[in-house]
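Residues per chain are reported as follows:
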Amino acid sequence: MPLIKVNDLVKEYTVIKKGKGLKGALKSLLHKEKEILRAVNHISFSIQHGEIVGYIGPNGAGKSTTVKMLSGILSPTSGEILIDGLSPQKDRKRVVQNLGVVFGQRSQLNWDLRLGESFELLKRIYRIDDRQYQENLAMMDAILEIHKFIHTPVRQLSLGQRMRGDLAAAMLHSPQVLFLDEPTIGLDVDGKQAIRKFVKEINRLKQTTVILTTHDLGDIQELCSRLIIISEGTIVEDGSLSDLIDRIAPYRILHVELYEEAELPIHPLAEKIRQDGTAAVYRFDKKKVTAAQLIEDLSCFCKMKDFRLEEARIEDIIRAAYHKKEKLEGV
Amino acid sequence: MRPYLYIAKVRMLSALAYRFDVLSSIVIQCLAVIASCFFWIAAYGNQQAALGVTRDQMLTYTVMSSTLACLLTMNVENRIAASVQKGSVALDLLKPVNIFGIYLWEDIGSVAIAFLQNAVPLLLIGALFIVAPVPASAAHFLLFILSAAFSYMINWLIAALFGMWSFRIVRIFPLLCMKGHMIRLLSGSVIPLWFFPQWLQTVLSFLPFRYIYQLPLSVYIGILSPRETAAQMGIQFIWILLLGCLFFEIKKGVTRHLLVQGG
Ligand SMILES: Nc1ncnc2c1ncn2[C@@H]1O[C@H](COP(=O)(O)OP(=O)(O)O)[C@@H](O)[C@H]1O
Ligand SMILES: [Mg+2]
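Everything in this summary refers to the structure shown in the same document. Predicted, not measured: the structure shown is a model, and the values here were computed from it. (Residues numbered from 1 in each chain as written. Chains lettered and ligands numbered in written order. Predicted model: local features only at pLDDT ≥ 70, side-chain atom pairs only at ≥ 80, totals over all residues. Heavy atoms only, no water.)

Some details on the site of ligand 1
Inspection of the region around ligand 1 gives 13 residues, with A:Gly60, A:Lys63, A:Ser64, A:Thr65 and B:Gln261 positioned closest. Chains contributing residues near ligand 1 are chains A and B. The separation between an oxygen atom of ligand 1 and a polar main-chain atom of A:Lys63 is 2.8 Å. A distance of 2.5 Å is found between an oxygen atom of ligand 1 and a side-chain nitrogen or oxygen belonging to A:Thr65. Burial of ligand 1 by the surrounding chains reaches 69%, relative to a free accessible area of 560 Å². Listing elements by their share of the shell around ligand 1, those giving two or more residues are strand 1 (4–17), strand 2 (33–47) and helix 2 (63–70) of chain A. (Near = heavy atom within 4 Å. Polar contact = N/O pair within 3.5 Å; in protein donor to acceptor, adjacent residues only side chain to side chain. Areas by Shrake-Rupley, 256 points an atom, 1.4 Å probe, with all protein chains shown as cover. Helix = DSSP H or I, 4+ residues; strand = E, 2+ residues; numbered from the N terminus.)

This is the structure:
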């Protein structure tokens, strides 16, 4: 049975349309024009225990809206969510006991307390027993090195420290599921690395299931065994990054440079795109032929001075997926 | 219960950390209470009593009013407003705990500290320089404690309700300021309402404010008959119930709004 099951989920917001200019402003004072904005449009997916899923999409795609519904702080317009068999809407208090949620842009730590006091408060809120609390705190310290600033008031923490504090706070009650909404936003390289290490470690040590939204390619490549890509409220892609690359950008490009001008042959498994004097360009399907094979075959015909392989950039592939393109052009 | 007691404790500890703030606030309060006592001494002149209240009773009333004022300070309204403005209100729903319980106990922690740090010095200064603020009797004192606890609840609920206004109004702070002045004027904390014109007193008897200051203070100085005391404390209690129901209703509405419209 999947740990998280989402079925035909829809969320519509009612937004008040603001009129343009003075006339519009006066008009909207008298009569508020309402508009329905569908942020999440019939999405379905299931997530198994222990997966790390990247939930990605352009700004405004509906990622945060989905995460909020999954965590029970937003009601869906229609559709169903089950987390470990329970609905976060109907059983909010029970579901959140099993949930860690971190929003990169909004800290949940108590700003008036020291970080350690915030943890102590959470210990009491979630009724965590002493042993479990100490164990989890030690583990979080080993991964995130929070002892350096555990006595600092939360309001004085740097963004990176605060983020690490938020992550540790989310794991104190040993939740099975962790939602991270843009956890690396605004962090420097070290900060990002700390967060990635954290996700990998809790997944390895505690088999925590993680859903994270991010715009960071490093996060996606390093962490996510599976990507769910959402665009304009609908899921456009659900699978591994390598499958996505294979499908959207199955080709690689080989640039060859020769010592002297010679007509290069047409290879049965690679397409010769062009040749200008000593420089030639081939495009090949990486599933049909390897680069090494291709180079070996070509060297039978001429003396090669240099070569260079070009691959589609992950960024371009993901952008193509956002725009629902079947194939990446250019490469 | 445990998270609530913990938050009260942390609140007390962190209040103790701000020593300098405390010192300056004590000085200001003492100056204020001495000034208003001199005002009453001048106003009474050679008269021993005015409208059935003796000069010493009036001075006790004034000292106790300042003491009560430092115990009735609370932070819940600013808490709610800040969390609405930061956009983190919805996130409070993520915790398996009642966030208003946390706010209430935070405030109760602050009261305990304010008692030690502000109320006690104020009473001492009052006793030394003005008048020993003694209650009419031990029974009056106990009733005063009960009535002051009710006052606290009324005041807290009004503050929480005003705080929840920040869901509708963007600039809430001027409103909170106005609320503070309104309570100060209409509750009899500065000038007892018996000096107000009759029609205004009638109007004010339908509002909760006089039950915040004037009632417990009148009980303390012993100017109410047992029947009046019982009747007014009954009304005080009804105000708690009314405001409490209103609070829960509005809280339900706000939660529904958050769940549907997002925070
Ligand atoms: N509380 C809200 N009220 C009205 N519209 C909202 C609200 N929250 C989000 N939206 C709109 O819903 C869409 C999806 O937003 P969001 O889920 O935050 O996207 P993402 O997290 O993918 O950037 C956006 O068009 C956004 O403007
Ligand atoms: Mg978002």
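Next, the rest of the story.
Description of the environment of A:Gln108
Here A:Gln108 lies in the loop between strand 5 (99–103) and helix 4 (115–125). Note: C-alpha distance between A:Gln108 and A:Ser118 (10 residues apart in sequence) is 9.5 Å. Those residues in contact with A:Gln108 that lie beyond four places of it in its chain are A:Val101, A:Val102, A:Phe103, A:Asp166, B:Leu91, B:Leu94 and B:Lys95. A polar atom in the side chain of A:Gln108 sits 2.7 Å from the backbone oxygen of A:Val101. (Contact = heavy atoms within 4.5 Å.)

Quick look at the pairing of strand 8 (residues 226–231) of chain A
Residues and elements named next belong to chain A. The buried count for strand 8 comes to 6 of 6 residues, which makes it a mostly enclosed element. Side chains Arg-226, Ile-228 and Ile-230 of strand 8 all project onto a buried face; the interleaved residues Leu-227, Ile-229 and Ser-231 project onto the opposite face, where all are buried too. Note that strand 3 (residues 52–56) and strand 8 share 4 bridges and pair parallel. Each bridged residue has a counterpart across the sheet, and for Val-53 the counterpart in strand 8 is Arg-226. Where strand 8 and strand 9 (residues 234–239) come together, 5 bridges link them in antiparallel fashion. Its bridge partner being in strand 9, Ser-231 is matched across the sheet by Thr-234. Linking two consecutive strands that pair antiparallel, namely strand 8 and strand 9, is a turn of 2 residues; a positive phi of about 50° is found at Glu-232 within it. (Buried < 20%, exposed > 50% of the residue type's maximum accessible area, 1.4 Å probe, protein only. Pairing = 2+ DSSP bridges.)

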